[in-house]
Amino acid sequence: MTNTNSPAREAAVTGSPRPSLVLLIMAVAAGLSVAGNYFAQPLLGLLRSELAMSTTAAGLTIAMAQVGYALGLGLLVPLGDRYSRRGLAAILLVGTGVLLAVAGSSPNGSLLLMATGLAAVTSVGAQVLVPFAAEISAPDRRARSIGIVMAGVLAGGLVGRAFSGVVADLAGWRAVYWITAALLVVTALVVLRLLPAGQRDTSDATRPLRLWRSTAMLLVELPALRGPITIAALAMASFTIHLTAITLLLVDSPYEWSPTTIGLVGLIGVVGPLSMPLAGRFVDGGHSRAVLLAGLLSAAVGWLLMLPAQNGQVAWLIIGVVLINVGQTAMLNSSQTTCYELRPEARSRINAVFMTLFFAGGAIGGALAPIAWVNAHWTGTCLLGAVLVGTGLLIAGLSRRTE
């Protein structure tokens, strides 16, 4: 395995870009990589009319993105522990761009479904870049670097929905995919040109089959992974419930808001990604446990403060959304940083396990949200969200800090 200098040292020696620019490139690349997974959400009506897709088939574009992303996490992300993460990320960015171009050129729904599903598989280039940020950063800046790139991932989802709707209105739904495809290819070239090479380990221990087998065994071999991942999955379940519940609340009386207005409320969530580098500063300062507890407590309090929103008190809704999003990103930064330090040479595999179970928690939350709404409306949904993240807080409070 070859060693890689930190960005600061490499910049001084080779004249490569400043660390801040390197991380900005990684964040932009990560955001673009995942954005395509969210394009179909505001486009369902257009896809049904222009490609003669049924409502069920159009809705499958969203489901296919989730399935494809899960497959990519398990199959492709662990390869970052064998190959150069820069090269792997660039290949996946180009692959995503090509597949999105195919999606934008689809003459029928079947090809669109296939292309978007495969694009979701390669979109995990974003999750190759997150451990790459940890690899190339000095220990005292590692959490901040992870936070910056993860902010790009989270912002990609938020901005992707808004971008899709605006561009579709101006130039048609196909332009959404074509423009992003071109941006991804250009970004891949920038990644290859400006990012450091990163480490490679081509020993027998990192052959793909062994990587996949060892990835599956990490939770057994590293018991310390279980706590942070369980907490993150519970928090993600709670977070996903809030995304669904807010939409259900705002389309109903007394609000009865339009989809555009509801979408603008959703953009308040960008405060979460913006706050992640700040959380990283405290984690780098040795306060990882405090950041984790504060994030979980913030989200739990946010749920309770949103209870009056059912009576039309929108200010409490906004305050709650801010607290939940800031708390979620603080929790995520602390948990990821803690997990990466358990076995530095296996960061890509750890990230694959972490993110797979993290999004599994989100899937469970997505399934619970409509059940809670039907049976207990807004009050019951808020209490469920608070209980889930509160359980994570209890686990974090009772666990000993992992050294």
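Residues numbered from 1 in each chain as written. Predicted model: local features only at pLDDT ≥ 70, side-chain atom pairs only at ≥ 80, totals over all residues. Heavy atoms only, no water.

**A few points about the overall build of the protein**
To be explicit about the condition: Note on conventions: DSSP H or I runs of at least 4 residues are helices, E runs of at least 2 residues are strands, and numbering of each starts at the N terminus. The quantity called the radius of gyration is restricted to C-alpha atoms. Its globule counterpart is 2.2 Å times the number of residues to the power 0.38. For every residue, the accessible area (1.4 Å probe, protein chains only) is compared with the maximum for its type, and the residue is labelled buried under 20%, exposed over 50%, or partly exposed between those bounds. In what follows, residue pairs with any heavy atoms lying within 4.5 Å of each other are defined as contacts.
For the protein, the helix and strand inventory stands at 16 helices and zero strands. Taken over the C-alpha trace, the protein has a radius of gyration of 21 Å; the compact-globule value for 403 residues is 22 Å, and the two agree within 12%. Along the first, second and third principal axes, the C-alpha atoms of the protein reach 60 × 55 × 40 Å. The 403 residues of the protein split such that 51% are buried. The long-range fraction of contacts in the protein, counting pairs at least 24 apart against all pairs at least 6 apart in sequence, stands at 82%.

**Quick word on the pattern of salt bridges**
Rule in force here: Salt bridges are defined by distance alone: a side-chain nitrogen of Lys or Arg within 4 Å of a carboxyl oxygen of Asp or Glu.
All told, the structure shown has seven salt bridges when counted by the stated rule. Taking the shortest distance from any N to any O, the salt bridge between Glu341 and Arg142 comes out at 3.3 Å. Here Glu341, found in the loop between helix 15 (314-340) and helix 16 (347-398), pairs with Arg142, found in helix 8 (residues 142-171); they are 199 residues apart in sequence, far enough to count as distant. By relative accessible area, which is 37% here, Glu341 ends up partly exposed. Asp284 serves as the salt-bridge partner of Arg144, at 2.9 Å between the closest nitrogen and oxygen. In this pair, Arg144 is assigned in helix 8 and Asp284 in helix 13 (residues 271-284), connecting sequence segments 140 residues apart. For Arg144, a relative accessible area of 15% corresponds to the buried category. Taking relative accessible area as the criterion, Asp284 reaches 18% and is therefore assigned buried. Linked by salt bridges that have partners in common, Asp81, Arg85, Glu135 and Arg349 make up one network.

**Let's talk about a nonpolar patch on the surface**
Selection rule: A patch consists of residues exposed above 30% relative accessible area that lack any salt bridge, with like charges linked at up to 9 Å and nonpolar side chains (Val, Leu, Ile, Met, Phe, Trp, Tyr) linked at up to 5 Å. Note that accessible areas follow from Shrake-Rupley with a 1.4 Å probe, and for residues the cover is restricted to the protein chains shown.
On the surface, a nonpolar cluster with roughly 480 Å² of combined accessible area is contributed by Val67, Leu71, Leu75, Leu209 and Trp212. Counting residues per element, the nonpolar patch draws most heavily on helix 4 (residues 55-75), which supplies three residues. Positionally, Leu75 belongs in helix 4. What makes Leu75 partly exposed here is its relative accessible area of 43%.

**Here we look at the nonpolar core**
The condition that has to hold: Among the buried residues, those of types Ala, Val, Leu, Ile, Met, Phe, Trp, Tyr and Cys that are joined through side-chain atoms within 4.5 Å form a nonpolar core.
Counting residues in hydrophobic clusters, the biggest one holds 107 residues, and the most contacted among them are Met26, Leu129, Tyr177, Leu317, Met331 and Trp378. Sequence-distant contacts of Met331, that is, excluding residues within four places in its chain, are made with Ile231, Ala232, Ala235, Leu292, Leu296 and Phe358. Of all hydrophobic cores here, the second largest spans five residues; its members include Ala279, Val283, Val291 and Ala330.

**Regarding the confidence of the model for the protein**
Note the threshold: Values of pLDDT, the confidence the predictor places in each residue, fall between 0 and 100.
Averaged over every residue, the pLDDT of the protein is 86; the share at 70 or more is 93%. Mean pLDDT per element in the protein: helix 1 (residues 7-14) is the minimum at 42, and helix 14 (residues 288-305) is the maximum at 96. In the predicted structure, residues 1-15 sits below a pLDDT of 50 and forms 26 contacts with residues beyond four places in sequence or in another chain.

**Regarding the side chain of Thr116**
For clarity, the cut-off: Here a polar contact is recorded for every N or O atom pair within 3.5 Å, except that within protein the pair must consist of a potential hydrogen donor and a potential acceptor, and residues adjacent in sequence are included only if both atoms are side-chain atoms.
By secondary structure assignment, the location of Thr116 is in helix 6 (residues 109-122). In terms of polar contacts, Thr116 uses its side chain to reach the backbone carbonyl oxygen of Leu112, at 2.8 Å.

**Overview of the packing of helix 5 (residues 85-104) against helix 7 (residues 125-135)**
Using the following cut-off: As a rule, the C-alpha atoms of each element are fitted with a line to give its axis, helices using only the stretch in contact, and angles between N-to-C directions run from 0 to 180 degrees. Any angle that falls under 35 degrees is termed roughly parallel, while one over 145 is termed roughly antiparallel, one within 65 to 115 roughly perpendicular, and all others oblique. Helix crossings fall into two classes, left-handed where the near helix is turned counterclockwise from the far one by less than a right angle and right-handed where it is turned clockwise.
In contact at an axis separation of 9 Å, helix 5 and helix 7 are set at 160° when each is read in the N-to-C sense. The angle between the axes of helix 5 and helix 7 places the two elements in the roughly antiparallel class. Between helix 5 and helix 7 the crossing geometry is left-handed. On helix 7, the residues that touch Arg85, Arg86, Leu88, Ala89 and Leu92 of helix 5 are Gly125, Val128, Leu129, Pro131, Phe132 and Glu135.

**Brief notes about the environment of Gly160**
With respect to the secondary-structure elements, Gly160 resides in helix 8. Judged by its relative accessible area of 4%, Gly160 falls in the buried class. Along the backbone, Gly160 and Tyr38 are 122 residues apart, and their C-alpha atoms lie at a distance of 5.9 Å.

**Digging into the environment of Asp169**
Structurally, Asp169 can be placed in helix 8. Here Asp169 falls in the exposed class, since its relative accessible area comes to 69%. Linking Asp169 and Leu43, residues 126 residues apart in sequence, is a C-alpha distance of 9.8 Å.

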